[in-house]
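# Descriptive structure summary
Listed here are the chains, written in short residue letters.
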Amino acid sequence: MLKHLFTLAFSALLLITTPARADVLTMPSLEWPPYSGKKLPDQGASVAVVRAAVQAMGHELNVEFYPWSRTVYLVKNDAKYAGYFPEYHYETDDLIFSDPIGTGPLGFVENVNRPIEWSTLNDLAPHTIGVVRGYVNTPELDARIANGSLKSSDVTSDTQNLQKVGRERIPLAVVDTNVLDYLKENDPALSAVKANLQMNKKLLVDKQLHIAFANNEAGKKWRDIVNQGLEKIDIEQIMKERLGE
């Protein structure tokens, strides 16, 4: 009898002390240094933040890297993926967004020989603006490009836009300041033009970065888990360390 009671008590203790099973959150991302990248330290600043939040909740993060359009497609069409990141918040019924996982200063890159003064987006009507296909920029800028009140030229990568601005093929392109700084220092494809590139002195916005989760049961579950984990970590400090600030 005593042996039976001991066995029951020991089993109950195991149930209390054994941690909950760790789940693996698998998400696609893109090569967008310094925020995300397969070969970056900790796979980039944004990945470091998300991994710390997921681990703070006792789970694991697995990141797969794809082109941007593929990244977005997978979350909307493959149940294996609960969400993708980094993404800017925008209005959609297909996705739900995490709390911020950091911020990125968004503006225009210009040629040092042809700086552009502007106060409102109306002032940019004479100019063609480079954008990356599929990227969300700001609601006002995207709306004006969509309705034709601003001219745009779209490419598949930031590097292509920077090459075009550096060679004066277009006067401006939308880019994140940290992305520009990283690519100028690390992308050999820009070696011939990087001295010609600078950020326009007026930023569009210091934009919050998020995880975009699928608007379904799994997405909502992981959104809540990640949001709780984000409250347990120092997002700003992790970003500063990974961005070298």
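Okay, so let's go over this structure. (Residues numbered from 1 in each chain as written. Predicted model: local features only at pLDDT ≥ 70, side-chain atom pairs only at ≥ 80, totals over all residues. Heavy atoms only, no water.)

Here the focus is the overall build of the protein chain. From N to C terminus, the protein chain includes eight helices and 10 strands. Its C-alpha atoms give the protein chain principal-axis dimensions of about 90 × 35 × 30 Å. With 245 residues in all, the protein chain has 47% of them scored as buried. Across the protein chain, contacts joining residues at least 24 apart in sequence account for 74% of those joining residues at least 6 apart. Of note, the protein chain has its 26 positive side-chain charges centred 4 Å away from the centre of its 31 negative side-chain charges. (Helix = DSSP H or I, 4+ residues; strand = E, 2+ residues; numbered from the N terminus. Buried < 20%, exposed > 50% of the residue type's maximum accessible area, 1.4 Å probe, protein only. Contact = heavy atoms within 4.5 Å. Lys, Arg positive; Asp, Glu negative; His and termini not counted. Charge placed at Lys NZ, Arg CZ, Asp CG, Glu CD.)

So, on to the packing of helix α5 (residues 158-166) against helix α6 (residues 177-186). Interhelical geometry of α5 versus α6 gives an angle of 75° and a closest axis separation of 11 Å. When the axes of α5 and α6 are compared, the pair comes out roughly perpendicular. Contacts from D158, T159 and L162 of α5 reach α6 at V179, L180 and L183. Its residues assigned to classes, the contact of α5 with α6 shows four nonpolar, one polar and one charged. (Axes fitted to C-alpha atoms, helices over the stretch in contact; angles between N-to-C directions. Parallel < 35°, antiparallel > 145°, perpendicular 65-115°, else oblique. Nonpolar A, V, L, I, M, F, W, Y, C, P; charged D, E, K, R; others polar.)

As enumerated under the stated definition, the model contains 10 salt bridges in all. Taking the shortest distance from any N to any O, the salt bridge between D23 and K221 comes out at 3.7 Å. Linking D23 in the loop between α1 (2-17) and β1 (24-29) with K221 in helix α7 (residues 217-230), this pair joins segments that are 198 residues apart in sequence. When its relative accessible area of 18% is taken as the criterion, D23 is described as buried. With relative accessibility at 39%, the residue K221 sits in the partly exposed group. For the salt bridge of E241 with R242, the shortest nitrogen-to-oxygen distance reads 3.0 Å. By relative accessible area, E241 is classed as partly exposed at 49%. In the salt-bridge network here, residues are joined through shared partners; they are D42, E241 and R242. (Salt bridge = Lys/Arg side-chain N within 4 Å of Asp/Glu carboxyl O.)

Helix α8 (residues 235-243) packs onto helix α2 (residues 45-56) with a crossing angle of 145° between their chain directions and a minimal axis gap of 9 Å. Our pair here, α2 against α8, has a crossing hand that is right-handed. Judged by residue contacts, A45, S46, A48, V49 and A52 of α2 engage I235, I238, M239, R242 and L243 from α8. For the contact of α2 with α8, the per-class residue count stands at eight nonpolar, one polar and one charged. (Left-handed = near helix turned anticlockwise from the far one by under 90°.)

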